[in-house]
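Results of the structural survey
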Amino acid sequence: MVTFPNAKINIGLNILSKRQDGYHNIDSCFYPIPFTDILEIVKADKFEFTSSGITIPGEGNLCTEAFELLRRDYKIGEVKIHLHKNIPIGGGLGGGSADATFTLKMLNKMFELGLSKSMLKEYAAQLGSDCPFFVENKPALAEETGTKLKVFDLNLKGYFLVLIAPGIHVSTAEAYSGVTPGIARTHLHGELKTPIENWKHTISNDFETSVFPKYPKIGQVKKRLYSIGALYASMTGSGSTVYGLFSEKPDINALGEAVCWSGWLD
């Protein structure tokens with residue numbers, strides 16, 4: 001079985017409060033985009049994980065963790081997993097979370113486990129805060145740690161998306177360390193219903209206030225996207241990937257930056 005785990009972008013990200021468990025309550029909109037990895041899972045005599053494309057650092061990976069999570073509760077057989085990695089790691093695009101959740105969904109189908117969406121979300125939440133989103137994989141408002149999701153009627157079909165990955169690693173802990181949680185200055189749910197050209201005045205990513213001063217290049221990328229006609233541009237997640245939404249295909253060469261991915265949204 002072959003599938004294509006896709007990335008997501010954050011449209012707005014408000015850090016509301018720090019929780020007793022050490023995590024933070026957020027308010028954001030997760031939006032799926034057609035930039036994908038390639039994931040293949042086949043039945044095998046013994047478990048094996050291999051990868052190609054972007055090098056996955058360290059020894060562990062979320063696909064293996066997803067397999068072990070289900071194997072603890074169900075008698076699933078051994079498999080071989082191969083992941084071709086296209087989505088930048090640690091760029092705020094949720095690629096690893098997508099890989100893990102798509103692994104859960106594929107194993108559920110392959111071994112006929114009969115797991116419902118709610119059950120898959122419960123397993124996914126054990127792998128990471130962004131993971132449950134990829135069960136339904138539809139635009140959603142994300143609250144609490146990002147695991148409380150409400151499907152949201154937002155359609156960006158026909159807009160052109162440009163992703164820039166500046167090649168700067170910003171750890172989530174580092175991004176959070178410079179943010180002071182507080183009440184959002186605008187109501188994200190309401191602002192997302194306004195014309196997209198208004199978003200740059202009302203919708204923001206709180207992480208930019210801590211990341212841009214420390215890594216000016218990331219902020220410069222956002223300015224360049226606006227300079228070539230972006231209707232809205234933002235850093236996604238805790239960075240460092242920055243995206244721009246356009247009504248028409250822009251002159252990407254004018255950016256002077258290597259484009260990670262670009263294309264029409266559908």
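Above this text is the structure in question.
An account of the accompanying structure is given in this report. Only a predicted model underlies this, so the values are computations on that prediction, with no experimental measurement involved.

Criteria and cut-off values
Sequence positions are assigned chain by chain, starting from 1 and proceeding in written order. The predicted origin of the model limits local features to residues at a pLDDT of at least 70 and limits the giving and counting of side-chain atom pairs to 80 or more, whereas totals for whole chains, interfaces and linings rest on all residues. Heavy atoms throughout the structure, all of them, feed into the side-chain values; hydrogens and water do not. Two strands qualify as a pair provided DSSP detects at least 2 bridges between them. Secondary structure is summarised from DSSP: a helix means a run of H or I of at least four residues, a strand means a run of E of at least two, and numbering begins at the N terminus for each. When checking whether two residues touch, look at their non-hydrogen atoms; a contact exists if any pair is within 4.5 Å. The axes are straight lines fitted to the C-alpha atoms, using for helices just the contacting stretch, and the angles between their N-to-C directions are given from 0 to 180°. Between 30 and 60 degrees the pair is tilted, below 30 it is stacked and above 60 it is edge-to-face, where a pair is any two Phe, Tyr or Trp rings, Trp via its six-membered ring, whose centres lie within 6.5 Å. Only protein chains enter the area calculation, which uses a 1.4 Å probe; residues under 20% of their type maximum are buried, those over 50% are exposed, and those in between are partly exposed. The term salt bridge refers to a side-chain nitrogen of Lys or Arg lying within 4 Å of a carboxyl oxygen of Asp or Glu.

**Points about the sheet that holds strand S6 (residues 79–85)**
One open sheet holds the four strands; their spatial order is S1-S4-S6-S5, and the pairing between them is mixed. Bordering the open sheet on either side are strand S1 (2–3) and strand S5 (48–53), each of which pairs with just one other strand. One ladder, built from six bridges, connects S5 with S6; its direction is parallel. Along S6, the bridge assignment pairs Gly-53 with Lys-85. In this fold helix H1 (residues 62–73) packs onto strand S4 (38–43), S5 and S6, with an angle of close to 150° to the strand it touches most, S6.

**Describing the packing of aromatic side chains**
Both the distance between ring centres and the angle between the ring planes are used here to describe each pair of aromatic rings. The tally for this structure, following the rule as stated, stands at eight aromatic pairs. On the numbers, 5.5 Å between centres and 85° between planes, the contact of Phe-30 with Phe-133 is edge-to-face. With Phe-30 in strand S3 (residues 24–36) and Phe-133 in helix H4 (residues 133–136), this residue pair connects regions lying 103 residues apart in the sequence. Here the aromatic rings of Phe-160 and Trp-264 are separated by 5.0 Å at their centres, their planes lie at 80°, and the arrangement is edge-to-face. Of this pair, Phe-160 sits in strand S9 (residues 160–164) while Trp-264 sits in strand S12 (residues 259–264), and the two are 104 residues apart along the sequence. Taking the relative accessible area as the measure of exposure, Phe-160 reaches 3% and is therefore buried. Judged by its relative accessible area of 43%, Trp-264 falls in the partly exposed class. An aromatic cluster is built from Phe-30, Phe-133 and Phe-134, whose rings are joined through pairwise contacts.

**What to know about the pattern of salt bridges**
Enumeration over the complete set of coordinates arrives at nine salt bridges. We note a salt bridge from Glu-68 to Arg-71, for which the minimum N-O separation is 3.0 Å. Of this pair, Glu-68 and Arg-71 both sit in helix H1, three residues apart, which is roughly one turn of the helix. When its relative accessible area of 30% is taken as the criterion, Glu-68 is described as partly exposed. Among the salt bridges present, the one from Glu-208 reaches Lys-222, with a minimum N-O distance of 2.8 Å. Of this pair, Glu-208 sits in helix H8 (residues 208–214) while Lys-222 sits in helix H9 (residues 216–227), and the two are 14 residues apart along the sequence. Of the two residues, Glu-208 and Lys-222, neither departs from the other in class, the shared state being buried.

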